[in-house]
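Chain by chain, the residues:
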Amino acid sequence: MSDRWLYGWGLAAIGLGGASLVVPLYVVELGGGPVTLGLLAAAAAAAGAPGALVVGRLADRTGHRRGYVLGSVAVVAGGLAVVAGVESVPVVVAANAAIWFAFAAATPVLTLLAVVGAPEAEWSDRITRLNEWQGVGWALGLLVGFCVLVGGERLVGLDARTALRAVCLVCGTSAAAGWLVTARALPGGPGPEAGPAPRRLRRALRGATRFGVRGAGFPFTPTRMDFRGLHPRRFVRRFTPGLALYFAAVVLVFAGFGAFFAPLPAYLGGVGFGDDAVFGIYLALNVGAAAFFGSAGWLVERYEVALVHAGSLAVRAVALPAVVVVSGTLAATLPLFVLVGVTWAVIAVSAATLVTRLSPAIVRGEALGVYGALSTVASGVGSVVGGWLAASGYARAFGVAGGLVLVGAGIVVVLRWRVADGAASGAERSVYSTDSTE
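Report follows, based on the coordinates. This structure is a prediction, so every number in the text was calculated from the model and none was measured.

### Regarding the overall build of the protein chain
Of the regular secondary structure elements, the protein chain holds 16 helices and 0 strands. Each of the 438 residues in the protein chain was classed as buried or not, and the buried ones make up 56%. A separation of at least 24 residues holds for 85% of the contacts in the protein chain among residues at least 6 apart in sequence. Accessible surface, the protein chain as shown: approximately 15,900 Å² in total, 65% of it carbon and sulfur.

Take a look at the structure:
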């Protein structure tokens with residue numbers, strides 16, 4: 001099968017990258033405060049998990065993968081057009097939820113399409129390439145939003161609301177163009193029986209463990225939200241104390257991320273940054289993450305993964321509330337957000353490695369799926385809490401966010417102490433070996 005459909009998905013990812021920030025900014029422009037932004041983010045998170053689960057299963061059973069992908073891209077384009085054409089906050093929240101439902105629904109289907117017809121030895125490379133197209137498109141969407149806002153407000157003289165609508169339309173147009181390219185390049189479905197065996201595909205996913213760069217500033221859609229292969233009884237039977245302890249850390253950490261990022265656009269606007277500057281800050285965040293993924297992999301291979309993971313969480317825990325300290329100063333804010341992006345690269349890579357090594361081999365695929373589900377749900381809950389706290393003070397919201405992440409880092413350190421005390425299982429001890437194999 002031709003890989004030209006990746007170009008179409010890259011264009012759709014541009015729309016998604018722009019939507020991740022322009023929709024919250026538009027809600028603020030319509031009068032929404034931090035509580036509304038928390039609900040907006042929570043609705044996006046709540047829509048994601050069932051999108052991946054329900055549509056992924058339907059695509060498996062019917063084999064109509066082409067139709068589900070095209071439908072998802074159409075929803076993204078249509079949702080952005082709706083946002084650009086209305087001034088009702090509830091309608092915008094609903095349209096945004098539909099956009100992220102569609103994105104999550106497309107993710108597992110696209111993963112299957114990336115490997116169909118390819119030798120198993122090439123699956124990891126193909127999945128990595130798919131993730132790269134998504135990541136590049138996401139960053140380009142932020143860049144496009146920045147350019148449109150600068151051109152619209154400073155060159156054409158558009159007011160802020162009209163300029164944000166223009167960004168929505170440009171991003172929606174990019175997604176629509178992606179639909180046309182994908183429709184031409186993607187063949188009809190080969191049938192429900194075509195495609196790799198689930199267990200072998202999960203092995204390939206573990207080999208391509210680079211969580212999406214979008215998680216640097218939008219922690220509601222981890223790469224692995226496809227948990228269709230989860231067998232709850234078998235997973236619980238093989239569930240280790242170390243894995244349970246780490247999942248407790250995951251819940252706290254991603255709740256902290258949600259509590260920080262959900263009200264962040266309102267905060268940045270409130271301290272004097274224009275919409276174009278906010279897009280530039282988020283772009284710096286994502287570029288920092290993308291540029292450091294290679295170095296993050298080297299750190300994980302060279303040093304104890306638990307220490308690397310706990311250290312990156314601790315640095316991010318300090319950086320989140322530090323945003324209030326440097327408020328309003330772009331020269332200090334930009335480097336701080338680059339640091340937040342860099343820490344995401346290390347957290348994402350080391351988290352994937354931790355989950356894989358803490359899990360018995362028979363449930364590694366399920367463990368990654370549970371990680372995706374827990375992080376998404378925790379992000380949604382944290383978004384609501386962060387929005388509520390920010391209504392009475394951003395310092396309180398960001399302080400709680402950093403505190404939750406710091407406690408999560410502490411749990412990872414406790415997990416490491418289990419080995420020193422001889423309480424860990426053999427699988428868990430491999431977490432602290434720099435040369436362990438999966």
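### Remarks on the packing of helix H4 (residues 89–115) against helix H5 (residues 123–156)
For any two helices packed against each other, the geometry is given by the interaxial angle and the distance between the axes. Two elements in contact, H4 and H5, have axes whose closest approach is 8 Å; the angle formed by their N-to-C orientations is 145°. Both H4 and H5 take part in a crossing whose hand is right-handed. Here Trp 100, Leu 110, Thr 111, Ala 114 and Val 115 of H4 come into contact with H5, specifically with Trp 123, Arg 126, Ile 127, Leu 130, Gln 134 and Trp 138. Residue composition of the contact of H4 with H5, by class: 8 nonpolar, 2 polar and 1 charged.

### Thoughts on the packing of aromatic side chains
One pair of aromatic rings is described through two measures. These are the centre distance and the angle between the planes. The full count for this structure, using the stated rule, is 15 aromatic pairs. Ring plane angle 45° and centroid distance 5.7 Å describe the contact between Trp 100 and Trp 138, whose orientation is recorded as tilted. On the criterion of sequence distance, the pair formed by Trp 100 in helix H4 and Trp 138 in helix H5 is long-range, its members being 38 residues apart. What makes Trp 100 buried here is its relative accessible area of 1%. Plain terms: the ring middles of Phe 254 and Tyr 371 are 6.0 Å apart, the flat faces sit at 85° to each other, and that makes the pair edge-to-face.

### Some remarks on helix H11 (residues 275–302)
Along an α-helix, residues three or four apart share an orientation, since each turn contains 3.6 residues. For H11, spanning 28 residues, the distance from its first C-alpha to its last is 40 Å, which sits close to the expected 40 Å at 1.5 Å a residue. Of all the bends in H11, the largest measures some 50° and sits at Phe 293.

### As for helix H13 (residues 330–358)
When the terminal C-alpha atoms of H13 are compared, their 41 Å separation across 29 residues agrees well with the 42 Å that a helix rising 1.5 Å per residue should span. Extensive coverage of H13 is indicated by the burial of 22 of its 29 residues.

### Section: the packing of helix H1 (residues 5–29) against H11
Two numbers describe how H1 lies on H11: the axes approach to 11 Å, and their chain directions differ by 145°. Between H1 and H11 lies a crossing whose hand is right-handed. Together, Gly 18, Leu 21, Val 22 and Leu 25 of H1 and Asp 275, Val 278, Phe 279 and Tyr 282 of H11 make up the contact between the two elements. Here the contact of H1 with H11 is built from residues that sort into 6 nonpolar, 1 polar and 1 charged.

### So, the side chain of Thr 343
Here Thr 343 lies in helix H13. Overall, Thr 343 belongs to the buried group, its relative accessible area being 4%. Setting aside residues no more than four positions away along its own chain, Thr 343 makes contact with Ser 312, Val 315 and Arg 316.

Reading the values: the criteria
- Numbering of residues starts from 1 in each chain and follows the order in which that chain's sequence is written.
- Residue-level local features of this predicted model are given only where pLDDT is at least 70; pairs of side-chain atoms are given and counted only at 80 or more, and the full residue set underlies all totals for whole chains, interfaces and linings.
- The basis for every side-chain value is the complete set of non-hydrogen atoms in the structure, without hydrogens or water.
- Per the convention used, a helix needs a DSSP run of H or I reaching at least four residues, while a strand needs a run of E reaching at least two, with both numbered from the N terminus.
- Burial here depends on accessible area, computed with a 1.4 Å probe over protein chains only, as a share of the maximum for the residue type. Under 20% is buried, over 50% is exposed, and the range in between is partly exposed.
- Whether two residues are in contact is decided by their heavy atoms, any of which lying within 4.5 Å being enough.
- Where accessible areas are quoted, they stem from the Shrake-Rupley method and a 1.4 Å probe; at the residue level, only the protein chains shown are allowed to cover.
- Note on definitions: angles span 0 to 180 degrees between N-to-C directions of axes, and those axes are lines fitted to C-alpha atoms, for helices only across the stretch in contact.
- Crossings are assigned a handedness: left-handed for a near helix turned anticlockwise from the far helix by less than a right angle, right-handed for a clockwise turn.
- Residue polarity is assigned by list, with Asp, Glu, Lys and Arg as charged and Ala, Val, Leu, Ile, Met, Phe, Trp, Tyr, Cys and Pro as nonpolar; anything else, Gly included, falls into the polar class.
- Two rings from Phe, Tyr or Trp (for Trp, the six-membered ring) form a pair when their centres are within 6.5 Å of each other. A pair whose planes differ by under 30 degrees is stacked, one over 60 is edge-to-face, and the rest are tilted.
- One less than the residue count of a helix, multiplied by 1.5 Å, gives the span that helix is expected to have.
- Working definition for bend: take the seven residues up to and ending at a residue and the seven starting at it, fit an axis to each, and measure the angle between the axes.

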